[in-house]
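# Coordinate inspection notes
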Amino acid sequence: MSTEDPPAPRSLAEALRVRDDASLAALLRRRPDLITPVPTDLTQLATRAGTRASVVRALERLDRFALQTAEALAVAGDPATYEELLGLMAGDAPDQAVARALPGAVAALREQALVWGADDRLRLVRTARELLAPSPQHPSPTGLGPSVQEATAGMSPGRIQEIVSAAGLPSTHDSVSAVAALTGLFTDREKMRALLATAPADSLEVLERLVWGPPYGQVTADPAPRLRWLLDRGLLLPTAPGTVVLPREVALHLRAGRAHRTPEPAPPAVEPTATHRPQLVDATAAGQAYTALATVEELLKDWDEGGPAVLRAGGLSVRDLKRTAVALDVSEPVAAFWVELAYAAGLLASDGEADERYAATPAYDEWRERPAAERWARLAEAWLVATRTSGLVGGRDAKDRTLSALGPGLDRSAAPEVRHRVLTLLAALPEGGAPNAEAVLGLLRWERPLRGPQGAQGEDDLRSRLARWTLTEAELLGVTGRGALSAHGRALLGAPPAPRPAAPGHQAAPQAAPEDSAGPGDKLPVHHRPTTTAATPAPLSPPEQAVATAAAARLLAPLLPEPLDHVLLQADLTAVAPGPLQRPLADMLGVLADVESKGGATVYRFTPASVRRALDAGRTASDLHAFLAEHSRTPAPQPLAYLIDDVARRHGHLRVGAASAYVRCDDDALLNEILADKRSAALRLRRLAPTVLAAQADPATLLDGLRSLGYAPAAESAEGDVLIARAHAHRTPPRTAPEPVPDGPPVPDATLLTAAIRAIRAGDLASTAPRKPTDTTALTPGELPRTSSAETLATVQAAVLTGESLWIGYVNAEGGATQRVIAPVRVEGGFVTAYDHTADEVRTYPLHRITGVAELADD
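What counts, and at which threshold
Residues numbered from 1 in each chain as written. Predicted model: local features only at pLDDT ≥ 70, side-chain atom pairs only at ≥ 80, totals over all residues. Heavy atoms only, no water. Helix = DSSP H or I, 4+ residues; strand = E, 2+ residues; numbered from the N terminus. Buried < 20%, exposed > 50% of the residue type's maximum accessible area, 1.4 Å probe, protein only. Areas by Shrake-Rupley, 256 points an atom, 1.4 Å probe, with all protein chains shown as cover. Pairing = 2+ DSSP bridges. Arc of directions from axis to C-beta. Salt bridge = Lys/Arg side-chain N within 4 Å of Asp/Glu carboxyl O. Axes fitted to C-alpha atoms, helices over the stretch in contact; angles between N-to-C directions. Parallel < 35°, antiparallel > 145°, perpendicular 65-115°, else oblique. Contact = heavy atoms within 4.5 Å. Nonpolar A, V, L, I, M, F, W, Y, C, P; charged D, E, K, R; others polar. Phe/Tyr/Trp six-rings, centres within 6.5 Å; stacked < 30°, edge-to-face > 60°. Left-handed = near helix turned anticlockwise from the far one by under 90°. Core = buried A, V, L, I, M, F, W, Y, C linked by side-chain atoms within 4.5 Å. pLDDT = per-residue confidence, 0-100. Polar contact = N/O pair within 3.5 Å; in protein donor to acceptor, adjacent residues only side chain to side chain. Patch = residues over 30% accessible without salt bridge, like charges linked within 9 Å, V, L, I, M, F, W, Y side chains within 5 Å. Lys, Arg positive; Asp, Glu negative; His and termini not counted. Charge placed at Lys NZ, Arg CZ, Asp CG, Glu CD.

### Quick notes on the overall build of the protein
Broken down by element type, the protein carries 33 helices and 25 strands. For the protein, buried positions account for 46% of its 859 residues. Entry remark: accessible area of the protein is about 41,700 Å², with carbon and sulfur atoms responsible for 54%.

Laid out in structure tokens, this is it:
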């Protein structure tokens, strides 16, 4: 190295100090937890970057190849050279794909401050090494065990010498040199091949079983000959009574130098397994979007007069969820999805009353009046950014409590990111292309590999489950159609236009990844992160998402069916709606008839009970006849006219009021008939007058009882007027939609990054500025200087006269301690006015808040 080269950094703080602002900004953008709050200087930034919580979070956000690279560095020497790392990743016969991808992985680790140092001295931060290095309690994902030096620690010197002699090496004078000689043997390919050539075949079989991990095995007090041969030569080393381990150096020889059985330098490809016409995809998605709107409306209409009660712990009971699923004619998981979607969109909430129940919010009434495309866009946007996850309903939380719909514990902060990533993968496919779900999950696992012994069986697999739910929910909501992303779904995502499928017989030329042109020794800028995947657009900001949502609504609007103003009446007392109905028609028909079946066409059935319901709502028989004549494209059938007239003729002939309750009728023969009916015994009726019967039941029970007997009573008020039973729409007070739970600190914007880097640089300048030799120079890093008030004032006044800069310790009004480099301009009234080099502006400081002062060195 020439004398002009900068000295190699001795710590992560020094490595960060030589970075430019763009590189620091990339670090803080990738690890936003490092500036919460903003560090005072680069030393504190490096310390924070090495904390366990921050390192774990950074490791969990690495792709599989970058994580494999970090795992290889954890079992390499400290420091390691690039060539040593390449050997661990590519093996003795280098894999060219690994060799091309490795510079990008190292650059990614450097950018995130997980690795520092030049290529000849690569260092993994200590916390990451502790997390990834193999140990009996935490086996390494590489399957490697401890090194010879680690495995022989605590072994008696005599036993070590016995192993050295059995391995064919000359004895040494101490254990350290003996272990070094044994390590040298195991790392020499030729000597190891010669040693293993003399091994019995069954001994080699033992090594084959341990070579890819786990490296530990059990032995008895009297090992078999095949094990004894290995133990005598140190190819297996004891770690505890009855336990042996395959040393790392031996395993690497048997693996041809590779730390991983299967390095994965490139992500798995996601190809379409089916390709549909884009028009068919859009039409299918639009049809499902309209079904989604109808389902949400039906759900909230069912809860219009007050929905299910809120559980004491919050949420919907299992019984109420089952009832909702039956009412919507869907499965319980799908019902939970619609309930949670309405809640996320702010259309549903608890009413906050003493007898707390769920009901529609005032926002629901406003939502219903908007065009269908805008209503769908609101639901889709709420789903895209929501952290509440309906797929968890029915599972158990950490305290083994059942997770209920609308209840606590359903937030998963990774959900929006996974939804966005899954839809982005769909957007990258040719237009109309539908991928295989397993291919999507494979790519997501490569981008965020599962760590830990649980693998795909534990909570670590949450991303895979979120991805599966995303594919299902996107189809339910109409974002996708037949498994392919629709045009309005693409607009909702803010994605660019879809690539066209390649012409038959031709294949699109693959685009080279940025690292394809980099050789194993090429140097890449620290602030640049090469990647093996296509660029993934970041989730949109709220203003951008609003624009994208409006664009999605515009694309969807022409695809939705126009509401109809007519139905087709049939002779079997049914009406067929060949499509969606206009709202007034649908509302009235929902009162007059019962929905019998749904689908492309909705079938309504007229019954005595449904007609009576319309009469109870204040309609007359002539109103109903006129309504049907106006909205039917077919003549009203005679049986339906007879049904309406018959129910209307008997409706209100009996009157029920509150005494406890009474029945009044001008026809005393009808009252005699009721009294004589044995089924009325439960109502406990008695005659008060020829035209009045009294009951001990309340009016509502009496009404229901008489109707169950086949009569058509009407309720009346205290004044004797017929009460009109109109549906009462119960609404909650104004409610806001639930806020998504953030996945850690938000990614800082450019303004915040610029200010944070400036503050960190300023603090670092103050803490590292050279000072004249005084008692204050014995301070530990980060400690503020301490001088008396008189000495502080004298030094500052002298600096005003000489124009020199000073290093001061300062405590602000909030108690925050900082170090600053200032050039005093004047001192008066207990304040010093100075040019602050760290803030690059003139500021005024109270003298009593300056803890101490020191002069800077002349250089």
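After presenting the structure, the write-up continues.
### A word on the pairing of strand β4 (residues 237-240)
Sheet topology places β4 next to strand β5 (residues 243-245); three bridges connect them, and they run antiparallel. When the sheet's bridge partners are listed, Ala-240 is paired in β5 with Thr-243. Where β4 folds back on β5, the antiparallel hairpin that results is connected by two residues, among which Gly-242 adopts a positive phi of roughly 85 degrees.

### Regarding helix α31 (residues 699-708)
Looking at α31, one finds that the buried residues are Leu-702, Leu-703, Gly-705 and Leu-706. The buried side chains of α31 occupy one side of the element, clustering within an arc of 165 degrees when seen end-on. Away from its buried face by more than 90 degrees, α31 exposes Asp-704 and Ser-708. Of the residues trailing α31, Gly-710 is marked for its positive phi of about 100 degrees.

### A word on the pattern of salt bridges
Using the criterion set out here, one finds 32 salt bridges in the structure. As a salt-bridge pair, Arg-228 and Asp-232 come within 3.6 Å of each other at their nearest N and O atoms. Residue Arg-228 and its partner Asp-232 are both found in helix α14 (residues 225-232); the two are separated by four residues, about one turn of the helix. For Asp-232, a relative accessible area of 23% gives the class partly exposed. The shortest N-O distance in the salt bridge between Arg-468 and Glu-438 comes to 2.6 Å. Of this pair, Arg-468 sits in helix α23 (residues 462-477) while Glu-438 is found in helix α22 (residues 437-447), placing the two residues 30 residues apart along the sequence. Bridged by salt links that share partners, the residues Arg-61, Glu-417, Arg-448 and Arg-463 form one connected network.

### Topic: the packing of helix α16 (residues 278-302) against helix α20 (residues 372-385)
Contact geometry for α16 and α20: axes closest at 10 Å, N-to-C directions at 80 degrees. Relative to α20, the element α16 is oriented roughly perpendicular. Only Ala-372, Arg-375, Trp-376 and Leu-379 of α20 make contact with α16, whose side of the interface consists of Ala-289, Leu-293, Val-296 and Glu-297. Grouping the amino acids of the contact of α16 with α20 by side-chain chemistry returns six nonpolar, no polar and two charged.

### Thoughts on the packing of aromatic side chains
What the rule picks out here adds up to four aromatic pairs. Taking the centre distance of 5.0 Å and the plane angle of 55 degrees together, the rings of Phe-337 and Trp-338 count as tilted. The exposure classification of Phe-337 matches that of Trp-338, with both residues buried.

### A short note on the sheet that holds strand β24 (residues 841-846)
Taken in spatial order, the five strands make up an open sheet running β24-β23-β22-β21-β25, and their pairing is antiparallel. The open sheet has two edge strands, β24 and β25 (850-855), and neither has a second partner. Neighbour-to-neighbour, the strand axes of this sheet turn through a mean angle of 45 degrees, independent of strand direction. Packed onto the sheet, helix α33 (residues 789-802) meets β21 (806-811), β22 (817-828), β23 (831-836) and β25 and runs at close to 60 degrees relative to β22.

### Observations regarding the sheet that holds β4
Here we have three strands laid out as an open sheet, ordered β3-β5-β4, and antiparallel in their pairing. Across the chains shown, the open sheet's two edge strands, defined by having one partner strand only, are β3 (216-218) and β4. Averaged over neighbouring strand pairs, the angle between their axes works out to 40 degrees when direction is ignored.

### Let's talk about the packing of helix α26 (residues 583-592) against helix α28 (residues 621-631)
Axis separation between α26 and α28 bottoms out at 12 Å; the angle between their running directions is 130 degrees. Regarding the angle of α26 to α28, the classification is oblique. Like other packed secondary-structure pairs, α26 and α28 cross with a definite hand, here left-handed. Contacts between α26 and α28 involve Leu-585, Met-588, Leu-589 and Leu-592 on the former and, on the latter, Leu-624, Phe-627, Leu-628 and His-631.

### Examining unusual backbone geometry
The step from Thr-36 to Pro-37 runs through a cis peptide bond, and the omega angle for that step is -5 degrees. In this fold, Pro-37 is placed in the loop between α2 (21-30) and α3 (42-49). In this model, Asp-78 is joined to Pro-79 through a cis peptide bond whose omega is 5 degrees. Turning to its location among the elements, Pro-79 is positioned in the loop between α5 (64-75) and α6 (82-90). Here Ala-256, not a glycine, exhibits a phi torsion of approximately 60 degrees, which is positive. Relative to the helices and strands, Ala-256 is located in the loop between α15 (248-254) and β6 (272-275). Non-glycine residue Leu-406 carries a positive phi angle of around 65 degrees. The topology assignment puts Leu-406 in the loop between α20 and α21 (415-427).

### Things to note about the nonpolar core
Leu-235 and Leu-236 are the most contacted members of the largest nonpolar core, which totals 91 residues. Per element, the largest residue contribution to this core is eight residues, and it comes from α5. Once residues within four sequence positions are removed from consideration, Leu-236 is found in contact with Val-206, Leu-210, Leu-227, Leu-230, Leu-231, Val-244, Val-245, Leu-246 and Pro-247. Counting residues in hydrophobic clusters, the runner-up holds 73 residues, among them Leu-316, Ala-345, Ala-382 and Ala-495.

### A short note on helix α30 (residues 668-676)
If you check which residues of α30 are buried, you get Leu-670, Leu-671 and Ile-674. End-on, the buried residues of α30 take up no more than an arc of 100 degrees, which puts them together on one face. Contacts from the buried residues of α30 go to β17 (661-664), β18 (685-689), β19 (692-695) and α31.

### Structural notes on the confidence of the model for the protein
Residues with a pLDDT of 70 or more make up 88% of the protein, whose mean pLDDT is 83. Note on residues 503-535: pLDDT is under 50 here. Beyond four places in sequence and across chains, it has 52 contacts. Contacts of residues 775-779 to residues separated by more than four positions or lying in other chains number 10 contacts, the stretch itself having pLDDT below 50.

### Side note on the environment of Arg-820
As for its position among the elements, Arg-820 is in strand β22. When the C-alpha positions of Arg-820 and Gly-809 are compared, they lie 6.5 Å apart, and in sequence the two are 11 residues distant. At 3.0 Å, the side chain of Arg-820 forms a polar contact with the side chain of Asp-836.

### A short note on a negative patch on the surface
A contiguous patch of negative charge on the surface is contributed by Asp-666, Asp-667, Asp-668 and Glu-673. Mapping Asp-666 onto the fold places it in the loop between β17 and α30.

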